[in-house]
Amino acid sequence: MARTAIPFGPQHPVFPEPVHLKLELEDETVVGVTPVIGYMHRGIEKAAELKTFRQNVFLIERICGICSFMHSLAYCQGVEALTDVEAPPRARFLRVFWSELSRSHSHLLTLGLLADAMGFESLFMQCWRAREIVLDISEMTAGHRIIQSTCSVGGVRRDINSEMAKEVDARLRALQEMLDRSISPVFLHDYTINRRTEGKGIVPKEQAELLGAVGPTARGSGVTVDIRQTGYAAYSDLSIDPVVETAGDSYARTKVRVRELSRSVELVREVLAMMPAGEILVAVSNYPEGETVSRVEQPRGEEIMYLKGNSTNYLERVRVRTPTFANIPALLGMLPGCELADVPIITLSIDPCIGCTER
Amino acid sequence: MDILTRSRTKSPWLLHYSCGSCNGCDIEILAALTPLYDVERFGIVNMGNPKHADVLLVTGPANWRNYRVLRNIYDQMPEPKLVVVVGVCGSTGGVFDKCPNTLGGIDTVIPVDVYIPGCAARPEAIIDGVVLALGKLEAYGT
Ligand code: SF4
C-alpha cells in the first residue's frame, strides 16, 4: 500500500505550542513518526552562562511558564549546594507549597487540554475554571498568576502570614470539592473519555523502563518512580506515595494525573498546617564552586539540572534535562499502530512541553 | 457602519502561534478564553486555521527556525489582518535578550499592530489589547 506523509504541526489547533511530528501513514494507520524540533529554541543554557548566578534565577524560571517555580527550585537547590548554603526550614516548606500549587495548576491545564482535544468542551471549561482558583492563590501569595518568581538562592522571597494561610485553605477546600464533584468523576468514569483513551498508546512497563520514561508517563505504565521521595525541599517530612497505574495506556496516564491532582491539593493544605516559623532567606556570601546535579519532580516528571561553577559570579555550565525530553522516546514508541485521529490525544497524554524541551 | 466592518469587529477570529515563548503568555491567552474571562462574550473565537483568522496573536521571540513558519502563517491570513504580540519577550526579546538563537521581537519578521506588555501578560491586558486592535480593523473600512 502506498505510504502517505503527513506533517503534524508546527501550528496545530490542538496544541498551544509548536509540536511538529512527521507522520507516515498507511491508510489511516500510523507506521512511522519523526519528531522535528527547534521551533522554540532560544539558547537559554548559553544565555545562563552570560548572566550572573543570581540573575539566572529569572531566566531559568522562564524556561517554561507552566512549571516555572520548579525550574527555579532545581536551579536554586543546585547553586545552594555549590555555595554551601542551606535554605531555612520555613523556606523549604514554602518551596513545597508553591511546587504543589504549580503541579495542581499544570495537571488541571493538561487535563483540560486533553478534554478539549476530544471535543469535550464543557469539561475543558470546568478544568480551567477550577484552575483559576489555584491561580488566584498564586497571585495572592506570590504576586503573579503564572510566574511565581518567589524562589531565590538561599530561600524564598515571600512569606505567607496566618490570615493568608486561612484564606488559601478555604479556597483549596472549595477546589477540592469542585474536583470531587465535577472533574475527577468525569475523568474516571465517563464513557467518552474512556473510549477515546483506553487501550490507546500503550507502553508496557519494560519498555517504559528501557526508554527512560519519567513522571506520569512512567507511573501510568506501572514504574514506581517519584523524585519527591528523595526528600528534597521539605518532602522528607511529608508522606509521598507514588500514584501508579499499570495499564500503560493514555487512560492510565490520565488517571495518574487525576489522582495526583487531589493529592497535590491535600499536600498544599498539609504544608500550610505544619509550616515551622522562622526566617525565609539566608544570605549567600561566596561564589559557586564545583559541580552538582539537582533533581526535582515536575508535573511532567523528573528534571535534572547540572551546574558547574568556578568561584566567579558566573556559572561555567548550566545543563537542563527536562521531563518531556525523556518522554519523547516513549511517545515515539506509542504512536506506530495507532490511527491518525488518535495522534493528538496520545501526544497530549504524555503532556508535552516543547518550551521546556527546546529551551 | 457597513455590514462588513460590523461583522469583522463584532466577531473577530483569533489565531494563536507560539514562537519561542515560555508558555506563560500562551496559557494566559487560553485563560482569557475560559469561563473567568470569557472573551467569547465579545464574539472573539479562537481558531486553528490561518485562512479563517482576522487577528494573529503571537507570543515569544522569533528565532532562526520559526521565523519562516511565522511569515508563512501571516501570508496565509486574508486581508485585513492584525498582529498582536503578547508579552515583553515577543515585543522586544525581553528576558531572552542575550539568548544566542533569538532574532529579537516579532516585529523583526512581520509588521505588528499592538504590543501587550507583561511577563506574563495578564488576561485583562490581553483582552484590552485585542479590543484596541479591533479599533484598527474598524478604521480599515471596506
Ligand atoms: S513575556 Fe514572559 S511570560 Fe510571556 S512568554 Fe515571554 S517570557 Fe514567558
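This structure is a prediction, so every number in the text was calculated from the model and none was measured. (Residues numbered from 1 in each chain as written. Chains lettered and ligands numbered in written order. Predicted model: local features only at pLDDT ≥ 70, side-chain atom pairs only at ≥ 80, totals over all residues. Heavy atoms only, no water.)

## Side note on the overall build of chain A
- The number of helices and strands found in chain A is 13 helices and eight strands.
- The dimensions of chain A, computed from C-alpha atoms along their principal axes, are 70 × 45 × 35 Å.
- In chain A, which comprises 359 residues, the share counted as buried stands at 64%.
- Restricting to contacts in chain A with at least 6 residues of sequence separation, those with at least 24 account for 71%.
- As presented, chain A carries roughly 12,800 Å² of accessible surface, and 51% of it is formed by carbon and sulfur atoms. (Helix = DSSP H or I, 4+ residues; strand = E, 2+ residues; numbered from the N terminus. Buried < 20%, exposed > 50% of the residue type's maximum accessible area, 1.4 Å probe, protein only. Contact = heavy atoms within 4.5 Å. Areas by Shrake-Rupley, 256 points an atom, 1.4 Å probe, with all protein chains shown as cover.)

## As for the pattern of salt bridges
Residue and element names in this part refer to chain A.
- Inspection of every chain in the model, using the stated rule, returns 36 salt bridges over all chains.
- Residue Asp 169 is joined to Arg 173 by a salt bridge in which the shortest nitrogen-to-oxygen separation is 3.2 Å. Remark: Arg 173 and Asp 169 occur in helix α6 (residues 162-189); sequence separation between them is four residues, near one turn of the helix.
- For Asp 169, a relative accessible area of 19% gives the class buried.
- For Glu 316, the salt bridge identified is with Lys 308, shortest N-O distance 3.5 Å. (Salt bridge = Lys/Arg side-chain N within 4 Å of Asp/Glu carboxyl O.)

## Looking at the layout of surface pockets
- The calculated volume of the largest pocket comes to roughly 570 Å³.
- Lining the largest pocket we find 27 residues, and of these Pro13(A), Asp116(A), Leu33(B), Asn46(B) and Met47(B) sit closest to its centre.
- At the level of elements, α4 (89-117) and α5 (121-142) of chain A together with β1 (13-18), α2 (24-33) and β2 (45-47) of chain B are the ones that each hand at least two residues to the lining of the largest pocket.
- Here the element with the most residues in the lining of the largest pocket is β1(B); it accounts for four residues.
- Here the lining of the largest pocket is composed, by residue class, of 17 nonpolar, six polar and four charged. (1 Å grid on protein atoms, 1.4 Å probe; cavity = no way out; pocket = protein on both sides within 12 Å on 5 of 7 lines; lining within 4 Å. Points joined across faces, edges and corners; volume = space filled by probe spheres on them. Nonpolar A, V, L, I, M, F, W, Y, C, P; charged D, E, K, R; others polar.)

## Regarding the interface of chain A and chain B
- Taken together, the contact pairs 42 residues of chain A with 39 residues of chain B.
- On the chain A side of the interface with chain B, the three residues burying the most area are Gln11(A), Tyr39(A) and Arg42(A), jointly 21% of the side's total.
- Applying the counting rule to chain A against chain B returns two salt bridges.
- At the boundary of chain A with chain B, the tally comes to 13 residue pairs in polar contact (both at pLDDT 80 or more).
- Contributing elements (two or more residues each) for the side of chain A that touches chain B: α1 (44-50), α2 (56-60), α4 and α5 of chain A.
- Sorting elements by how many residues they give to the side of chain A that touches chain B places α5(A) first, with seven residues. (Buried area = accessible area lost by both parts, 1.4 Å probe. Polar contact = N/O pair within 3.5 Å; in protein donor to acceptor, adjacent residues only side chain to side chain.)

## Thoughts on the packing of α6(A) against helix α10 (residues 250-274) of chain A
All names here are of chain A.
- In contact at an axis separation of 10 Å, α6 and α10 are set at 165 degrees when each is read in the N-to-C sense. Considered as vectors, α6 and α10 are oriented roughly antiparallel to each other. For the crossing formed where α6 meets α10, the hand is left-handed. Judged by residue contacts, Ala 165, Val 168, Asp 169, Leu 172, Arg 173, Leu 175, Gln 176, Leu 179, Ser 184, Phe 187, Leu 188 and His 189 of α6 engage Tyr 251, Thr 254, Lys 255, Val 258, Leu 261, Ser 262, Val 265, Glu 266, Val 268, Arg 269 and Leu 272 from α10.
- Its residues assigned to classes, the contact of α6 with α10 comprises 13 nonpolar, five polar and five charged. (Axes fitted to C-alpha atoms, helices over the stretch in contact; angles between N-to-C directions. Parallel < 35°, antiparallel > 145°, perpendicular 65-115°, else oblique. Left-handed = near helix turned anticlockwise from the far one by under 90°.)

## A word on the nonpolar core
- Counting 145 residues, the largest nonpolar core has Tyr75(A), Phe97(A), Leu108(A), Trp128(A) and Leu175(A) as the members making the most contacts within it.
- Here this core takes 14 residues from α4(A), the largest share from any one element.
- Beyond its immediate sequence surroundings of up to four residues, Tyr75(A) is in contact with Phe53(A), Asn56(A), Val57(A), Ile60(A), Met305(A), Leu307(A) and Leu315(A).
- Listed in part, the 20 residues of the second largest apolar core include Ala53(B), Ile73(B), Tyr74(B) and Ile106(B). (Core = buried A, V, L, I, M, F, W, Y, C linked by side-chain atoms within 4.5 Å.)

## Some thoughts on the site of the ligand
- All residues in the neighbourhood of the ligand are listed as Arg62(A), Ser21(B), Cys22(B), Cys25(B), Gly87(B), Val88(B), Cys89(B), Val95(B), Phe96(B), Gly118(B), Cys119(B) and Ala120(B).
- Surrounding the ligand is a set of residues that belongs to chains A and B.
- Tallied by class, residues from the shell around the ligand come to eight nonpolar, three polar and one charged. (Near = heavy atom within 4 Å.)

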